[in-house]
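# What the coordinates show
Chain by chain, the residues run as shown.
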Amino acid sequence: MLERVAGVCGELVLRQVGGHCEVIANGTFLMDTRGGASERLLVTAAAERMRAGGRMLIGGLGVGFSLRAALDQPNVGQVVVVERERAVVDWNASGGPLAPWHGDALAEPAVTVRNEDLLDYLAGEPVFEAICLDIDNGPQWTVNEENAALYTGAGLARLRRCLSAGGVLGVWSAAADPGFERALRAEFAEVAVHEVPVPRGEPDVVYLAIAG
């Protein structure tokens, strides 16, 4: 174990297993540094729909894979990362144990990190060309009960208001969710679903929704 801290969601543990890092919250596995293909797809697919120099919001820092992928996209000019767990930000910051996995992405001048709850941040209805959400394991497997509001019709309407015309919402999920897909199609002009195979279990799923 590298570190154990008290976080907003309870106990957070960063541990090293077989040369990789894992983040555990209250005994439940959240993320690790193995693979990351679906996390990268979340932002790369969204970035393809952006104009050059556009702003992207990433909800959830994780192990930094999605942030690194965003910075590597030519269309992304600025990235705002909203992460409520201070420890996760510190682990990813310069000199932290996760920084080498993403090339010290938090130190890039195009990056702004907001250490706050995503629901609180969205209340101000900031506008982005792309919003990528990876704060839960999916619409049906949230880190806390409050996050479930994001995946309802009202929550999706709020997210749409935070997108510029033609903007794109990307949502990561550990499994397919037909109910959530229907909710997306009711609120957005266009929806695409990408499945990403994983070594074991159901494929990861990336939902992309385009605002009209």
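For the structure, check the block above.
Anyway, here's the lowdown on the structure attached to this text. (Residues numbered from 1 in each chain as written. Predicted model: local features only at pLDDT ≥ 70, side-chain atom pairs only at ≥ 80, totals over all residues. Heavy atoms only, no water.)

## Quick look at the overall build of the protein
The secondary structure content of the protein amounts to six helices and eleven strands. Expected size for 212 residues packed as a compact globule is a radius of gyration near 17 Å; at 16 Å, the protein falls within 12% of this value. When its C-alpha atoms are laid out on the principal axes, the protein stretches across 45 × 35 × 30 Å. The proportion of buried residues among the 212 residues of the protein is 50%. The long-range fraction of contacts in the protein, counting pairs at least 24 apart against all pairs at least 6 apart in sequence, stands at 63%. (Helix = DSSP H or I, 4+ residues; strand = E, 2+ residues; numbered from the N terminus. Rg over C-alpha atoms; globule rule 2.2 N^0.38 Å. Buried < 20%, exposed > 50% of the residue type's maximum accessible area, 1.4 Å probe, protein only. Contact = heavy atoms within 4.5 Å.)

## Some details on the sheet that holds strand 6 (residues 76-82)
Hydrogen bonding along the main chain pairs the strands of a sheet, whether they run parallel or antiparallel. Within the open sheet, the seven strands sit side by side as 7-6-5-8-9-11-10. Their pairing is mixed. Among the strands making up the open sheet, the edge pair consists of strand 7 (111-114) and strand 10 (190-196). For this sheet, the mean angle separating the axes of adjacent strands, direction not counted, is 15°. Of the pairings in the sheet, the one linking strand 8 (residues 128-133) to strand 9 (residues 163-173) comprises five bridges and is parallel in character. Bridge pairing in strand 9 places Leu133 opposite Val171. Of the strands in this sheet, strand 5 (54-59), strand 6, strand 8, strand 9, strand 10 and strand 11 (204-210) are in contact with helix 1 (residues 37-47), which crosses strand 11 at around 15°. Those strands touched by helix 5 (residues 153-161) are strand 8 and strand 9, and its axis lies near 135° from that of strand 9. (Pairing = 2+ DSSP bridges. Axes fitted to C-alpha atoms, helices over the stretch in contact; angles between N-to-C directions.)

## Side note on the pattern of salt bridges
Taken as a whole, this structure holds 14 salt bridges when the rule is applied. In this structure, the salt-bridge partner of Arg15 is Glu22, at a minimum N-O distance of 2.7 Å. Judged by its relative accessible area of 8%, Glu22 is buried. Arg68 is the salt-bridge partner of Glu108, the closest N and O atoms lying 3.6 Å from each other. Taken together, the residues Glu108 in the loop between helix 3 (86-92) and strand 7 and Arg68 in helix 2 (residues 65-71) connect sequence positions 40 residues apart. For Glu108, a relative accessible area of 29% corresponds to the partly exposed category. One salt-bridge network, in which partners are shared between bridges, spans Arg15, Glu22, Asp32 and Arg34. (Salt bridge = Lys/Arg side-chain N within 4 Å of Asp/Glu carboxyl O.)

## Examining the sheet that holds strand 1 (residues 3-7)
What the four strands build is an open sheet, ordered 1-2-3-4; its pairing is antiparallel. Pairing within the sheet leaves two strands with one partner each, and these edge strands are strand 1 and strand 4 (28-32). Between one strand axis and the next, the sheet turns through 25° on average, direction left out of account. Sheet analysis places strand 2 (residues 10-17) next to strand 3 (residues 20-25), joined by six bridges and oriented antiparallel. Looking across to strand 3, one finds that Val13 is bridged to Ile24.

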